[in-house]
Amino acid sequence: MRVEFDRDTCIGIFQCVDEWDAFQKNLDAGKADLDGAEETDDDVFVREIPEDEEFDAKFAARVCPVEAIRIIDDDGEQLIP
């Protein structure tokens, strides 16, 4: 399972930071950062989700008000949102 974070879409509400510690506040940019992620497209960051962090990652995606966080399963299906 992986997370895809569209940082360009992020509006800096930081609800994801409260739900999953992989997200960090970047107050200078006014957006969240996804630790350990690789930029795959312009401002789209991807990383694998450890099994013991799947619940938190899914919750972070659910609380994002602009749907900048997507959870993708191992078959490539989008789970959230």
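Below is a summary of the structure that appears in this document. (Residues numbered from 1 in each chain as written. Predicted model: local features only at pLDDT ≥ 70, side-chain atom pairs only at ≥ 80, totals over all residues. Heavy atoms only, no water.)

1. Observations regarding the side chain of Glu4
Right, on to step 1. Counting through the fold element by element, Glu4 comes out in strand E1 (residues 2–6).
Right, on to step 2. Side-chain polar atoms of Glu4 contact the side chain of Arg2, separated by 3.0 Å.
Right, on to step 3. With residues up to four places along the chain from it excluded, the contact list for Glu4 reads Phe45, Val46, Ala68, Ile69, Arg70 and Ile72. (Helix = DSSP H or I, 4+ residues; strand = E, 2+ residues; numbered from the N terminus. Polar contact = N/O pair within 3.5 Å; in protein donor to acceptor, adjacent residues only side chain to side chain. Contact = heavy atoms within 4.5 Å.)

2. Observations regarding the sheet that holds strand E6 (residues 69–72)
Right, on to step 1. An order of E4-E5-E1-E6-E7 is seen for the five strands of this open sheet, with the pairing classed as antiparallel. Either end of the sheet is taken by a strand with one partner, and the two such strands are strand E4 (38–41) and strand E7 (78–80). Adjacent strand axes in the sheet meet at a mean angle of 35 degrees when their direction is disregarded.
Right, on to step 2. As judged from the four bridges shared by E1 and E6, these two strands associate in the antiparallel manner. When the sheet's bridge partners are listed, Glu4 is paired in E6 with Arg70.
Right, on to step 3. Taken strand by strand, helix H2 (residues 54–63) contacts E6 and E7, and its axis lies near 140 degrees from that of E6. (Pairing = 2+ DSSP bridges. Axes fitted to C-alpha atoms, helices over the stretch in contact; angles between N-to-C directions.)

3. A few points about the pattern of salt bridges
Right, on to step 1. In total, this model carries four salt bridges according to the counting rule given.
Right, on to step 2. The shortest N-O distance in the salt bridge between Glu4 and Arg70 comes to 3.5 Å. In this pair, Glu4 sits in strand E1 while Arg70 sits in strand E6, placing the two residues 66 residues apart along the sequence. The same class applies to Glu4 and to Arg70, which are both buried.
Right, on to step 3. Put simply, Arg47 and Glu53 hold a salt bridge, and the shortest N to O gap is 4.0 Å.
Right, on to step 4. Several salt bridges share partner residues, and in doing so they unite Arg2, Glu4 and Arg70 into one network. (Salt bridge = Lys/Arg side-chain N within 4 Å of Asp/Glu carboxyl O. Buried < 20%, exposed > 50% of the residue type's maximum accessible area, 1.4 Å probe, protein only.)

4. Digging into the environment of Lys31
Right, on to step 1. The topology assignment puts Lys31 in strand E3 (residues 31–34).
Right, on to step 2. Residues contacting Lys31, with those up to four places away along its chain left out, are Arg7, Asp8, Cys10, Gly12, Phe14, Gln24, Lys25 and Asn26.
Right, on to step 3. Among the polar contacts listed, one links the side chain of Lys31 to the backbone oxygen of Asp8, at a separation of 3.2 Å.

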